[in-house]
Amino acid sequence: MMVGLDIGGTKTRGIKVVDGEVVADFEVGSANVQNVSRETAASNLAELFGTLDAEDAAQVVVGSGGIDTDADAEALAALIRPNVPHARVSVVHDSRLLLAAGGVRTGVAVIAGTGSAAWGINAAGAEARAGGWGYLLGDEGSGYWLGREAVRYSLHRMNLGLEPDDLTQELLASTGLTEPTELISHFHALETGRRYWAQRSRIVTEAADAGHLGARFMVDQAAHDLARMAAQVARQLDLDGPVILGSGLGMHVRRVQEGFRGRLAEQGIHDVRILDRDPIFGTLVLAAEDGSATGRDAR
């Protein structure tokens, strides 16, 4: 039995695989200790493994945000092991799941979800990263970034003495607020966090599709920033593709996809692919590669 985990900034998804077939699939809250406490992460993991009934798993392959060092991988593995005492636990940065799920061994993977990051590997085994620093330091082009930019846009209009436009009105309606000035304290409130504001990215992408110029600028900037990260990694590794775009925004927002492709084409990168299945299924590929080809074996 194998268990695959995809741990993002807002949720943790787990699959249980028996004889190559996914027999259980479940989600709980985030177990990323950069976003939640170790206690919360441990509780969410316990719930997940309990629901999956996976105590006897022989192998666990994990992709998670915030895995930048061997120490990061070991810290997360230490939270997982009590739930699967007989399993080999391998932990990698979640961007690696994208390449595996995309069916390629070399190339550049770009996460555009709650957060953002790019990671790549070439035929010589050299690796490179761009972004993935978390929402306080970066996450440009992510769902959280778009939600935050919508707040900033609305507050800027307020400072100029302008009436709330369609984008601001939709943002206020989604937050249960009545005036733009209330957005300031609401944004900093303990009950609103990365997932809350990332969920507001839908307001921006829908406004962009409806022709709102400000929203279009934000979405186009997101695509530009994601492409910039991808191009940086590609140059470092002397790659011209493939570049695989995945996660929520990357897989489902056409304007982001088109802008991403266009920016990379300007830099001579034309082999750009949109991931067509959830990244978690990359854990099956990684598990099959010797059981140790995941990069960091946190046994």
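Everything below is about the structure printed above this text.
Analysis parameters
All residue numbers refer to position in the chain's written sequence, counted from 1. Thresholds applied to this predicted model are a pLDDT of at least 70 for local features of residues and 80 or more for the giving and counting of side-chain atom pairs; totals over whole chains, interfaces and linings are not thresholded and use all residues. Water and hydrogen atoms play no part in the side-chain values, which are based on all heavy atoms of the structure. Segments assigned H or I by DSSP are reported as helices when at least four residues long, segments assigned E as strands when at least two residues long, and all are numbered from the N terminus. Buried means the residue's accessible area, taken with a 1.4 Å probe over protein chains only, is under 20% of the maximum for its type, while exposed means over 50%, and partly exposed covers the values in between. Any pair of nitrogen or oxygen atoms within 3.5 Å is treated as a polar contact; in protein, a donor-acceptor pairing is required on top of that, and neighbouring residues in sequence qualify only through side-chain atoms on both sides. Note that His is not counted, nor are the chain ends; the positive residues are Lys and Arg, and the negative ones are Asp and Glu. Between Lys or Arg on one side and Asp or Glu on the other, a salt bridge is scored when a side-chain nitrogen of the former is within 4 Å of a carboxyl oxygen of the latter. The contact criterion used throughout is that any non-hydrogen atoms of two residues lie within 4.5 Å. Strands are treated as partners if at least two bridges between them are detected by DSSP. A clockwise path from the first strand over the helix to the second, with the strands pointing away from the viewer, defines a right-handed crossover.

Colleague: Report on the environment of Ser185, specifying residues and quantitative values.
Modeller: Mapped onto the elements, Ser185 comes out in helix 6 (residues 182–188). Residue classification places Ser185 among the exposed positions, given a relative accessible area of 54%. Sequence separation between Ser185 and Leu264 is 79 residues, and the spatial gap between their C-alpha atoms is 38 Å. Of the polar contacts made by the side chain of Ser185, one reaches the backbone oxygen of Glu182; its length is 3.4 Å.

Colleague: Tell me about the side chain of Arg200, residues and numbers included.
Modeller: Looking at the secondary structure, you find Arg200 in the loop between helix 7 (194–199) and helix 8 (201–209). No salt bridge is formed by the buried Arg200; the nearest opposite charge belongs to Glu170, separated by 10 Å. At 2.8 Å, the side chain of Arg200 and the backbone oxygen of Ser174 are in polar contact. Aside from chain neighbours lying at most four places away, what touches Arg200 is Gly147, Leu171, Ser174 and Thr175.

Colleague: Any details on the environment of Ala207? Residues and values, ideally.
Modeller: Structurally, the position occupied by Ala207 is in helix 8. For Ala207, a relative accessible area of 13% gives the class buried. Separated by 14 residues in the primary sequence, Ala207 and Gln221 have C-alpha atoms spaced 15 Å apart. If we ignore the near neighbours within four places in the chain, the residues touching Ala207 are Leu167, His212 and Ala215.

Colleague: Before we move on, could you go through the pairing of strand 4 (residues 59–64) and cite the residues and values that matter?
Modeller: Of all six residues in strand 4, six are buried, a share of seventy percent or more. Alternating residues of strand 4 divide into Gln59, Val61 and Gly63 and Val60, Val62 and Ser64, and every residue in both groups is buried. Bridging between strand 1 (residues 2–7) and strand 4 involves six bridges; their strand directions are parallel. When the bridges of strand 4 are listed, Val3 appears paired with Val60. Strand direction decides the pairing type here: strand 4 and strand 5 (residues 88–93), joined by six bridges, are parallel. Residue Val60 lies in a different strand from strand 5, and its bridge partner there is Val89. On the question of chirality, the crossover connecting strand 4 to the parallel strand 5 by way of helix 2 (residues 70–80) is right-handed.

Colleague: Let's hear about unusual backbone geometry: which residues, and what values?
Modeller: Looking along the chain, the bond that leaves Gly241 and enters Pro242 is cis, with omega of -10°. In this structure, Pro242 sits in the loop between helix 9 (213–237) and strand 9 (243–246). Of note in this structure, Asp53 is not a glycine but carries a positive phi near 55°. Within the secondary structure, Asp53 is located in the loop between helix 1 (38–52) and strand 4. Of note in this structure, Asp139 is not a glycine but carries a positive phi near 60°. Turning to its location among the elements, Asp139 is positioned in the loop between strand 8 (127–131) and helix 4 (143–159).

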